[in-house]
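Architecture at a glance
Listed below are the residues making up each chain.
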Amino acid sequence: MSIGIGLFLFVFAGMFDYDLELSEHVYTGEGLIWMFVAIIITSIGMFVFWRQDLSFDGTYEPLATGSPFRNIQIRKVGMFVFLMSEMMVFTSLFSTYMRYRLGLRRCDDVFADGLFDPVTNPTGWQEAVPVTCFEPASHLIASSWWHLAPGAVNTFALIISSFTIVQALRYAKKTDIDEELRRRRVTMFLGTTWVLAILFLTLKMVEWFVGFYIPDLGFIHEHEIKSLVAEGYTIGADHYQHHSYVDEATGAHMTANIRVSASTFYVTTGTHGAHVAGGIIGLTYMTYKAWRGGYTPTNAVSIEYFGLYWHFVDLVWVIVFPFFYLY
Amino acid sequence: MANYKILGRDPYWMNFYGLMILTAIEVGAVGADMSSTAEALNMSEDGITLWILTIIAIPKFFMIAAIFMHLYGDPDSGILTMTALFPAFFIIIMILFIGLTHPDAATGLPAWCRPGTWGL
């Protein structure tokens, strides 16, 4: 599986080339066959792993024998070590964001300097001359409750899913209930977690690419909420125009090169989204296993280990949401 | 699973309620008009929002790690917490030396600190 995933990432990165004339990444399709090979290797790895796991009855869970982890499940320690390496990945993304956020001037501050005038305002911005500045995604997202809605709903969805995965573990470990009730409860809680994860990614797509429309309901006015991409907030945006960057007196627009800020936003939230997508694959299998009655009080460690991963995904969102979506 | 209670109730439910409330406050803080508070504290409105968001994010982080991830209250919590804290040193280094420096920091270094000065 590691070879398959590694090959996939390696080939995927090589499928795009930076076009200097167009100033954007273009799809070359180079190595497409290897991408399919990588997907097949990963799928076979997962199939073998899950086939073995389906027949695993939990009677042999290896425990560490040496200090300092004596008598602790080896796989649990391994899971924590894996999560800490993941923490380093997100820290590097977050420190990149901080570096640019603190190092570049905010676009609204640049706009506040006013329109360029050789005598009265020599340091001001000029129309059609893009300014390199930091435009946080929150300037669009936190501009109204409707814009914020997908991100806010996602935050609640992740917290609820963290809770449902704990409940799935609790019911799997319960010894005072009959087998059928346990099977139904564990399936229900894992299934709910799966639905919430799907909701998270769906709303993420709506926020990034699709947007949404609110009809006039009398108590709610008609709204059309554009997606971030439709607003021009893209990683290649070197002539970005926020609708508020207009000089009232002359009607001149300030344009900004926001590639750095958009890249930090999409890469960080996209990496988080990729982790949610990975979780959905795992949850699909686990829900199936639960439906078959595969989780018992002596065999619930998979839920526990997956739960650790899922809580970590929630933990990252606790940091990402306020700093990338709200501030 | 947790063998303790929070205020006499199930810790997972209590943690869940707490996280929901804190998130609601977080979202509300962004929409709230804090211009008068900002003026009274001689700070920018953005600065106040940042403080509120940071202050709320910290307990949320610990609530998830301690209660949902069982880094508190289980027999193996101590050593697993130490394992989880291991990269903290590297995280601090990254935040302090990368996150908080200026993008042009390398070019702004004094001459004696640049490549070539010591024959390198």
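Residues numbered from 1 in each chain as written. Chains lettered and ligands numbered in written order. Predicted model: local features only at pLDDT ≥ 70, side-chain atom pairs only at ≥ 80, totals over all residues. Heavy atoms only, no water.

Side note on the overall build of chain B
Looking only at helices and strands, one finds five helices and zero strands in chain B. At 21 Å, chain B has a C-alpha radius of gyration far larger than the 14 Å of a compact globule built from 120 residues. In terms of principal-axis extent, the alpha carbons of chain B reach across some 65 × 45 × 15 Å. Relative to its full complement of 120 residues, chain B shows a buried share of 35%. Accessible surface for chain B amounts to roughly 7,300 Å². Of this, 72% is attributable to carbon and sulfur atoms. (Helix = DSSP H or I, 4+ residues; strand = E, 2+ residues; numbered from the N terminus. Rg over C-alpha atoms; globule rule 2.2 N^0.38 Å. Buried < 20%, exposed > 50% of the residue type's maximum accessible area, 1.4 Å probe, protein only. Areas by Shrake-Rupley, 256 points an atom, 1.4 Å probe, with all protein chains shown as cover.)

Remarks on the overall build of chain A
Of regular secondary structure, chain A possesses nine helices and six strands. Seen through its C-alpha atoms, chain A measures out along the principal axes to roughly 80 × 50 × 40 Å. Counting only residues that meet the buried cut, chain A has 48% of its 327 residues in that class. Residue pairs at least 24 apart in sequence account for 70% of intrachain contacts in chain A once pairs closer than 6 positions are excluded. When the accessible surface of chain A is summed, it comes to about 16,100 Å², and 65% of that surface belongs to carbon and sulfur atoms. Chain A carries 20 positive and 29 negative side-chain charges, and their two centres are separated by 18 Å. (Contact = heavy atoms within 4.5 Å. Lys, Arg positive; Asp, Glu negative; His and termini not counted. Charge placed at Lys NZ, Arg CZ, Asp CG, Glu CD.)

A word on the packing of helix α3 (residues 74-103) of chain A against helix α9 (residues 301-326) of chain A
Residues and elements named next belong to chain A. Two numbers describe how α3 lies on α9: the axes approach to 11 Å, and their chain directions differ by 10°. One finds that α3 runs roughly parallel with respect to α9. Only V301, E304, Y305, L308, Y309, F312, V316, I319, F323 and F324 of α9 make contact with α3, whose side of the interface consists of R75, K76, M79, F80, F82, L83, E86, M87, F90, F94, Y97 and R101. Considered class by class, the residues forming the contact of α3 with α9 number 17 nonpolar, no polar and five charged. (Axes fitted to C-alpha atoms, helices over the stretch in contact; angles between N-to-C directions. Parallel < 35°, antiparallel > 145°, perpendicular 65-115°, else oblique. Nonpolar A, V, L, I, M, F, W, Y, C, P; charged D, E, K, R; others polar.)

Let's talk about the nonpolar core
Residues and elements named next belong to chain A. Membership of the largest hydrophobic core comes to 98 residues, with the highest contact counts inside it found for L190, Y233, F265, I303 and Y325. Ranked by residue count, the leading element in this core is α9, at 19 residues. Among residues more than four places away in sequence, those in contact with Y233 are E135, P136, A137, L140, L228, Y240, I258, S261, A262, F265 and Y266. (Core = buried A, V, L, I, M, F, W, Y, C linked by side-chain atoms within 4.5 Å.)

Things to note about the pattern of salt bridges
Note on pairing: side chains with opposite charge can pair once their charged atoms come close. Using the criterion set out here, one finds twelve salt bridges over all chains in the structure. A salt bridge links A:K173 to A:E304; its shortest N-O distance comes to 3.8 Å. Pair noted here: A:K173 is in helix α6 (residues 145-173) and A:E304 is in helix α9, with a separation of 131 residues, a long-range link. On the basis of relative accessibility, which here comes to 30%, the residue A:K173 falls in the partly exposed class. What you see here is one network of salt bridges that share partners, running through A:K76, A:K173, A:E304 and B:D76. (Salt bridge = Lys/Arg side-chain N within 4 Å of Asp/Glu carboxyl O.)

Brief notes about the domain arrangement of chain A
Residue and element names in this part refer to chain A. You can read the domains of chain A as domain 1 (1-54) and domain 2 (74-326). Taken together, the contacts link six residues of domain 1 with eight residues of domain 2. Here domain 1 packs against domain 2, burying approximately 710 Å² in sum over the two surfaces, 57% of which is carbon and sulfur. Taken together, the connections running from domain 1 to domain 2 amount to one salt bridge. In this structure, D53 engages K289 in a salt bridge whose closest nitrogen and oxygen atoms are separated by 2.9 Å. Inspection of the region where domain 1 meets domain 2 yields four residue pairs in polar contact (both at pLDDT 80 or more). With four residues, the top contributor of residues to the side of domain 1 that touches domain 2 is helix α2 (residues 32-54). (Domains from an automatic or database assignment. Buried area = accessible area lost by both parts, 1.4 Å probe. Polar contact = N/O pair within 3.5 Å; in protein donor to acceptor, adjacent residues only side chain to side chain.)

Remarks on the environment of B:T81
Residues and elements named next belong to chain B. Mapped onto the fold, T81 is located in helix α4 (residues 77-85). T81 gets classed as partly exposed once you look at its relative accessible area, which sits at 24%. A distance of 3.2 Å separates the side chain of T81 from the backbone oxygen of L71, its partner in a polar contact.

A few points about the packing of aromatic side chains
Summed over the entire model, instances satisfying the criterion amount to 37 aromatic pairs over all chains. Here the aromatic rings of A:F94 and A:Y97 are separated by 5.8 Å at their centres, their planes lie at 40°, and the arrangement is tilted. Of this pair, A:F94 and A:Y97 both sit in helix α3, three residues apart, which is roughly one turn of that helix. For the pair A:F94 and A:Y97, a shared accessibility class is recorded, and that class is buried. Each ring, one from B:F16 and one from B:Y17, has its centre 6.2 Å from the other, and the planes form 45°; the classification is tilted. Under the relative-accessibility criterion, B:F16 is labelled buried at 11%. Joined through ring pairs, the aromatic side chains of A:F200, A:W208, A:F209, A:Y233, A:Y240, A:F265, A:Y266, A:W317, A:F321 and A:Y325 make up one cluster. It is A:K174 that lies over the ring of A:Y171; its NZ or CZ is 5.5 Å from the centre. (Phe/Tyr/Trp six-rings, centres within 6.5 Å; stacked < 30°, edge-to-face > 60°. Lys NZ or Arg CZ within 6 Å of the ring centre and 35° of its normal.)

Some details on the packing of helix α1 (residues 11-31) of chain B against helix α3 (residues 45-68) of chain B
Residue and element names in this part refer to chain B. As a packed pair, α1 and α3 sit with axes 10 Å apart at the nearest point and diverge in direction by 165°. Comparing their axes, α3 and α1 come out roughly antiparallel. With respect to the hand of their crossing, α1 and α3 are arranged in left-handed fashion. Between α1 and α3, the residues in contact are P11, Y12, N15, F16, G18, L19, L22, T23, I25, E26, A29 and V30 and T49, I52, L53, I56, A57, P59, K60, M63, I64, I67 and F68, respectively. In the contact of α1 with α3, the residues fall into 17 nonpolar, four polar and two charged. (Left-handed = near helix turned anticlockwise from the far one by under 90°.)

With respect to α1(B)
With 21 residues, α1(B) ought to run about 30 Å at 1.5 Å a step, and its terminal C-alpha atoms sit 31 Å apart, in line with that. Measuring from the backbone nitrogen of B:Y12 back to the side-chain oxygen at the start of α1(B) gives 3.2 Å, which picks out B:D10 as the cap. (Expected span 1.5 Å × (residues − 1).)

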